[in-house]
Number of protein chains: 2
Amino acid sequence: MSEPLRELFVREKPVRLLIEINNPRTENYASELSKSVDCTYSHAVRVIQRMEKNGLVETEEKGRKKNIFLTDKGTKIAKRLSDLLSEF
Amino acid sequence: MSEPLRELFVREKPVRLLIEINNPRTENYASELSKSVDCTYSHAVRVIQRMEKNGLVETEEKGRKKNIFLTDKGTKIAKRLSDLLSEF
């Protein structure tokens, strides 16, 4: 996967975050997701809030943490982004 | 198409430029393309050079202008980007 080419078209961290949320796993928390895609916790939280506001993810309180999961719309966009990245 | 959501994931001008090159038309010149996607001529030229370096487009001298067309790889990525934008 060519790094410079991909970066010409997509915003690396938000794209990887959405795809990462779509990975099969029991629970998704901002702290783990930020580590997986190598961005700061606060950046991950901001991006996830924008995704939630736009109906791509929903969150569910789990004690002091929030479990994050994709909506149907989010799943479709994650799929399209994966398809796109596979071309690079 | 939701503007803020799309902008969370993609870089607007390069994406629109590539899709625009893929539009059926006899010839593509940087000057016309930059007008179509509403960016500066110099930005369009820089982006097109990066696309060419990465094998997405080829150019052909036409007098003082360059005709720009997509390679197979460029066509595939343009298609994936169109598919992606259609979800927003």
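See the structure printed just above.
First things first, this report covers the structure right here in the doc. The structure presented is a predicted model; accordingly, all values stated were derived computationally and were not measured. Every chain is numbered on its own, with residues counted from 1 as its sequence reads. Labels are handed out in written order, letters beginning with A for the chains and numbers beginning with 1 for the ligands. Only residues with pLDDT of at least 70 are given local features in this predicted model, and only at 80 or more are side-chain atom pairs given and counted; all residues enter the totals for whole chains, interfaces and linings. Side-chain numbers come from the whole structure's heavy atoms, not from hydrogens or water.

### Let's talk about the interface of chain A and chain B
- Two residues qualify as a contact provided that any one of their heavy atoms is within 4.5 Å of a heavy atom in the partner residue. Taken together, the 25 residues of chain A in the interface contact 25 residues of chain B.
- For the chain A and chain B pair, buried surface summed over both sides reaches about 2,500 Å², with 64% attributable to carbon and sulfur atoms.
- By convention in these notes, a salt bridge is any Lys or Arg side-chain nitrogen within 4 Å of a carboxyl oxygen on Asp or Glu. Viewed at the interface, chain B and chain A are joined by four salt bridges.
- Between A:Asp83 and B:Arg80 there is a salt bridge whose closest N-O contact spans 3.8 Å.
- Put simply, DSSP H or I for four residues or longer makes a helix, DSSP E for two residues or longer makes a strand, and each gets a number counted from the N terminus. Every element with two or more residues in the side of chain A that touches chain B is listed here: helix H1 (3-9), helix H2 (12-22), helix H4 (41-53) and helix H5 (72-85) of chain A.
- A per-element tally of the side of chain A that touches chain B places H5(A) first, with seven residues. By buried area we mean the combined loss of accessible area, with a 1.4 Å probe, across both parts when two parts are placed together.

### Considerations on the relation of the copies chain A and chain B
- Copies are brought into register by a least-squares superposition over C-alpha atoms of residues with pLDDT of at least 70 in both. Least-squares fitting of chain A to chain B yields an RMSD of 0.0 Å, with the superposition described by an axial translation of 0.0 Å and a rotation of 180°. The transformation relating the two chain copies, once decomposed into turn and shift, fits a two-fold axis. Using C-alpha coordinates, one finds that chain A approaches the rotation axis most closely at A:Val10, a distance of 2.1 Å.
- Of the residues that chain A buries at the interface, 100% are likewise interface residues in chain B, meaning the two copies contact each other through the same surface.

### Let's talk about the environment of A:Ser31
Residues and elements named next belong to chain A.
- Locating Ser 31 in the fold gives a position in helix H3 (residues 30-37).
- Taking relative accessible area as the criterion, Ser 31 reaches 21% and is therefore assigned partly exposed.
- Separated by 24 residues in sequence, Ser 31 and Gly 55 have C-alpha atoms that sit 21 Å apart. A simple rule labels every residue: compare its accessible area, found with a 1.4 Å probe on the protein chains alone, to the largest value its type can have, and call it buried under 20%, exposed over 50%, or partly exposed in between.

### A short note on unusual backbone geometry
- Residues other than glycine seldom take positive phi values, yet A:Asp38 does so here, at roughly 60°.
- You can call A:Asp38 exposed: its relative accessible area is 62%.

### Here's the deal with the pairing of strand E1 (residues 57-62) of chain B
Residues and elements named next belong to chain B.
- Here, a strand pair is defined by DSSP locating no fewer than two bridges between the strands. With six bridges connecting them, E1 and strand E2 (residues 65-70) associate as antiparallel partners. If you follow Thr 59 over to E2, its bridge partner there is Ile 68.
- Hairpin connection of E1 to E2: two residues between the antiparallel strands, including Gly 63 at a positive phi of 65°.

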